[in-house]
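# Inside the fold
Here's the letter readout for the chains.
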Amino acid sequence: MLDWVTDPQIWIGFFTLVALEIVLGIDNIIFISILAGKLPPEQRDRARVLGLGAALISRLLLLLGLSWVVQLTEPLFAVFGHDISGRDLILLLGGLFLLGKSVTEISHSMDGPAGGDGKKAAAASFTSVILQIMVLDIVFSLDSVITAVGMVDQLPVMIAAVVVSVLVMLFASGPISRFVDRHPSIKMLALSFLVLIGVVLIAEGFGQHIPKGYIYFAMAFSLVVELLNIRMRSKRVHQEQEDSASSME
């Protein structure tokens with residue numbers, strides 16, 4: 001009954017799936033970090049925990065409803081000769097939502113912070129943030145669950161991998177959120193990533209598969225370049241401060 005404990009193939013599949021789930025969850029962490037950053041500081045950690053908790057619940061529910069997930073790939077209707085399934089519809093709507101939300105956030109960031117209405121506005125914002133996180137969690141969870149189904153046959157292994165990956169993301173979300181909050185250029189880059197992911201989801205919904213490896217490589221390369229820029233700007237400011245201090249002596 002416990003033969004799986006000594007089966008190396010199951011453990012290899014488990015750790016591979018955990019790694020892939022974490023990679024697939026990067027966009028989810030970015031989205032949650034940006035939305036949580038709009039809340040008052042005392043509410044941000046709670047929003048991140050609730051957001052990732054919703055992600056965990058939605059993924060587990062989808063895993064427990066595997067027969068329903070499989071049926072999502074069956075065509076419902078055709079558009080211009082292309083069959084549209086339930087999964088395609090979810091990806092299309094999720095991509096449009098993510099695209100619209102990201103463009104709106106970029107516009108607000110460029111316009112500057114707007115005034116609020118005290119505690120009432122903050123409370124409404126918290127509810128809105130949680131609802132938006134839950135909507136996108138369903139889309140991101142669908143991609144995650146389909147990956148899990150394609151890699152591992154045992155349901156308990158899938159559930160364990162999803163739980164471990166979400167726990168890892170939970171611990172990583174705090175430092176990532178604080179880093180994004182401290183560096184506005186990183187936030188703009190992250191929003192640009194979400195625009196890219198939204199376009200990819202829409203393309204996937206129309207049957208145009210884009211390898212995720214290309215997208216993650218582009219994101220990683222852009223992030224490294226921006227980190228180098230941040231370090232260069234920091235050194236320049238430090239040098240200017242030193243020169244100013246020495247000139248005053």
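Counting of residues starts from 1 at the beginning of each chain's written sequence and follows it residue by residue. Only residues with pLDDT of at least 70 are given local features in this predicted model, and only at 80 or more are side-chain atom pairs given and counted; all residues enter the totals for whole chains, interfaces and linings. Water and hydrogen atoms were dropped before computing side-chain values, which therefore reflect all heavy atoms in the structure.

### Thoughts on the overall build of the chain
We apply this condition: Where helices and strands are cited, they refer to DSSP runs of H or I of at least four residues and of E of at least two residues respectively, numbered from the N terminus. Residue burial is assigned from relative accessible area. The probe radius is 1.4 Å, only protein chains are included, and a residue is buried under 20% of its type maximum, exposed over 50%, and partly exposed in between. In what follows, residue pairs with any heavy atoms lying within 4.5 Å of each other are defined as contacts.
Scanning the chain from terminus to terminus reveals nine helices and two strands. When the helices and strands of the chain are placed in sequence order, the string is α-α-α-α-β-β-α-α-α-α-α. Within the chain, buried positions represent 38% of all 249 residues. A fraction of 82% describes how many contacts in the chain between residues 6 or more apart in sequence connect residues 24 or more apart.

### A word on helix α3 (residues 41–64)
Heads up, the rule is: Helix span, expected: 1.5 Å multiplied by one less than the number of residues in the helix.
Compared with the 34 Å implied by 1.5 Å per residue over 24 residues, the 36 Å span of α3 between its first and last C-alpha is a close match. Residues Gln43, Ala47, Arg48, Gly51, Leu52, Ala54, Ala55, Ser58, Arg59, Leu62 and Leu63 constitute the buried set of α3.

### Observations regarding the packing of aromatic side chains
Our working rule: Note on aromatic contacts: the rings of Phe and Tyr and the six-membered ring of Trp form a pair at centre separations within 6.5 Å, being stacked when their planes are under 30 degrees apart, edge-to-face when over 60 apart, and tilted otherwise.
A complete count under the given rule lists one aromatic pair for this structure. Taken together, a centroid distance of 6.4 Å and an interplanar angle of 25° make the contact between Phe217 and Phe221 stacked. You can see Phe217 and its partner Phe221 sitting in helix α9 (residues 212–248), four residues apart, about one turn around the helix.

### Looking at the nonpolar core
The line we're drawing: Side-chain atoms within 4.5 Å are what join buried Ala, Val, Leu, Ile, Met, Phe, Trp, Tyr and Cys residues into a set we call a nonpolar core.
Within the largest apolar cluster, 38 residues are counted, with the highest numbers of intra-cluster contacts made by Ile30, Leu98, Leu194, Ile197 and Met219. At the level of elements, α2 (26–36), α3, α5 (86–111), α6 (118–151), α7 (155–182), α8 (184–205) and α9 are the ones that each hand at least two residues to this core. If sequence neighbours within four positions are ignored, Ile197 has contacts with Asp27, Leu98, Phe140 and Met219. Counting residues in hydrophobic clusters, the runner-up holds six residues, among them Ile10, Leu17, Val18 and Val157.

### Details of α8
With 22 residues, α8 should reach 32 Å at 1.5 Å per residue; the first-to-last C-alpha distance of 32 Å fits that figure. Downstream of α8 by one or two residues, Gly207 has phi in the positive range, about 85°.

### Description of the packing of α7 against α8
Rules: Only the stretch in contact is used when fitting a helix axis, every axis being a line fitted to C-alpha atoms; angles between N-to-C directions are given from 0 to 180 degrees. Under this scheme an angle from 65 to 115 degrees is roughly perpendicular, one under 35 degrees roughly parallel, and one over 145 degrees roughly antiparallel; angles in between are oblique. Only Asp, Glu, Lys and Arg are considered charged, only Ala, Val, Leu, Ile, Met, Phe, Trp, Tyr, Cys and Pro nonpolar, and every remaining residue, Gly among them, polar.
In the contact formed by α7 and α8, the axes pass within 5 Å of each other and the chain directions differ by 115°. Between α7 and α8, the angle is such that the two are roughly perpendicular. Contact residues: Phe179, Val180 and Arg182 in α7; Pro184, Ile186 and Lys187 in α8. Of the residues contributing to the contact of α7 with α8, the split by class is four nonpolar, no polar and two charged.

### Let's talk about the pairing of strand β2 (residues 82–85)
Just so we agree on the cut-off: We treat two strands as partners when DSSP finds at least two bridges between them.
When strand β1 (residues 75–79) meets β2, the two strands line up antiparallel, connected through four bridges. Within the sheet, the bridge partner assigned to Pro75 lies in β2 and is Ser85. The turn linking β1 back onto β2 is made up of two residues, and Phe80 within it adopts a positive phi angle of 50°.

### Overview of the confidence of the model for the chain
The criterion, for reference: pLDDT is defined as a per-residue confidence score from the predictor, taking values between 0 and 100.
When the pLDDT values of the chain are averaged, the result is 75; 83% of them are 70 or greater. Taking the mean pLDDT of every element in the chain, the minimum, 62, falls on helix α4 (residues 66–71) and the maximum, 81, on α3. Overall, residues 114–124 carries pLDDT values under 50, and its contacts beyond four positions in sequence, including any with other chains, amount to four contacts.

### Some thoughts on the environment of Ala160
Structurally, the position occupied by Ala160 is in helix α7. On a C-alpha basis, the gap between Ala160 and Val18 in space is 8.7 Å, while along the polypeptide they are 142 residues apart.

### A look at the packing of α2 against α3
The condition that has to hold: Put simply, a crossing is left-handed when the front helix is turned counterclockwise from the back one by less than a right angle, and right-handed when it is turned clockwise.
Two elements in contact, α2 and α3, have axes separated by 9 Å at closest approach and are oriented at 145°. By crossing handedness, the relation of α2 to α3 is classed as right-handed. Across the interface between the two elements, Asn28, Ile32 and Ala36 from α2 touch Arg44, Ala47, Arg48, Gly51, Leu52, Ala55 and Arg59 from α3.

### Structural notes on the pattern of salt bridges
This is how the line gets drawn: Each reported salt bridge corresponds to a side-chain nitrogen of Lys or Arg within 4 Å of a carboxyl oxygen of Asp or Glu.
Applying the stated rule across the entire model yields two salt bridges. In this structure, Arg48 engages Asp45 in a salt bridge whose closest nitrogen and oxygen atoms are separated by 1.9 Å. Within this pair, Arg48 and its partner Asp45 are both found in helix α3, separated by three residues, close to a single helical turn. A residue is classified by how much of its surface remains accessible, and Arg48, at 5% relative accessible area, is buried.

### What to know about the side chain of Glu204
Note that Glu204 resides in helix α8. Note on Glu204: relative accessible area 10%, which makes it buried. Not counting residues up to four positions away in its chain, the partners in contact with Glu204 are Arg87, Asp88, Leu91, His209, Ile210 and Lys212.

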